[in-house]
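Structural features, examined
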Amino acid sequence: QVQLVESGGGSVQAGGSLRLSCVVSGGLFGLSVMGWYRQAPGKQREWVAEVTNSGTTNYADSVKGRFTISRDNVRNTVYLQMNNLKPEDTADYYCRLFFVGVTYWGKGTLVTVSS
């Protein structure tokens, strides 16, 4: 059973930084594409960033240059370093594992950015 648990959310002022973590248990981490998504109240969940099993990263235009996704295959953890946060970054952030057409989601961690 694959499980994902996010942590690291909180409340910061605009321009601040947060580092989100997602710990994966149950296997598949080393072979998977890991991603971060976010969802604000009343809005659909949107893709933020991803990192493949080989380390290739991709970012949504809205976070390029500010967010960095990385993975630690020893700790089975994916991170999202968020710098220069903006109020529009406020959302529940979700970790996703994708492997051969199967997706697993974490329950999310809340990030609130005030102006």
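How each quantity is defined
Residues numbered from 1 in each chain as written. Predicted model: local features only at pLDDT ≥ 70, side-chain atom pairs only at ≥ 80, totals over all residues. Heavy atoms only, no water. Salt bridge = Lys/Arg side-chain N within 4 Å of Asp/Glu carboxyl O. Helix = DSSP H or I, 4+ residues; strand = E, 2+ residues; numbered from the N terminus. Buried < 20%, exposed > 50% of the residue type's maximum accessible area, 1.4 Å probe, protein only. Disulfide = S-S within 2.5 Å. Pairing = 2+ DSSP bridges. Axes fitted to C-alpha atoms, helices over the stretch in contact; angles between N-to-C directions. Lys, Arg positive; Asp, Glu negative; His and termini not counted. Polar contact = N/O pair within 3.5 Å; in protein donor to acceptor, adjacent residues only side chain to side chain. Contact = heavy atoms within 4.5 Å.

Quick notes on the pattern of salt bridges
Taken as a whole, this structure holds four salt bridges when the rule is applied. A salt bridge links R38 to D89, with the shortest nitrogen-to-oxygen separation between them at 2.8 Å. Linking R38 in strand β4 (residues 33–39) with D89 in the loop between β8 (77–82) and β9 (91–99), this pair joins segments that are 51 residues apart in sequence. For the pair R38 and D89, one class covers both residues: buried. A salt bridge links R66 to D89; its shortest N-O distance comes to 2.7 Å. Taken together, the residues R66 in the loop between β6 (57–59) and β7 (67–72) and D89 in the loop between β8 and β9 connect sequence positions 23 residues apart. Across this residue pair, the class does not change: R66 and D89 are buried.

Let's talk about the state of the cysteines
Across all of its chains, the model carries one disulfide by this definition. For C22, the disulfide goes to C95, at an S-S distance of 2.1 Å. With the S-S dihedral at roughly -85 degrees, the linkage between C22 and C95 falls on the left-handed side. Of this pair, C22 sits in strand β3 (residues 18–25) while C95 sits in strand β9, placing them 73 residues apart in sequence.

Structural notes on the sheet that holds β7
Adjacent strands of a sheet form backbone hydrogen bonds with each other and so pair up, either parallel or antiparallel. Ordered by their spatial adjacency, four strands build an open sheet running β1-β3-β8-β7, and the pairing between neighbours is antiparallel. Each end of this open sheet is capped by a strand with a single partner; those strands are β1 (3–7) and β7. Strand-to-strand twist across the sheet, computed as the mean angle between neighbouring axes with direction ignored, equals 15 degrees. In the sheet, β3 pairs with β8 via six bridges, with the strands oriented antiparallel. Looking at the pairing, V23 lines up with T77 of β8.

Some points on the side chain of E6
For E6, the location among the structural elements is in strand β1. No salt bridge is formed by the buried E6, whose closest oppositely charged neighbour, R45, lies at an N-O distance of 7.2 Å. Polar side-chain contacts of E6 include one of 2.7 Å to the backbone nitrogen of C95. A polar contact of 2.8 Å, which involves the side chain of E6, links it to the backbone nitrogen of G108. With residues up to four places along the chain from it excluded, the contact list for E6 reads S21, C22, W36, Y93, Y94, C95, G106, K107, G108 and T109.

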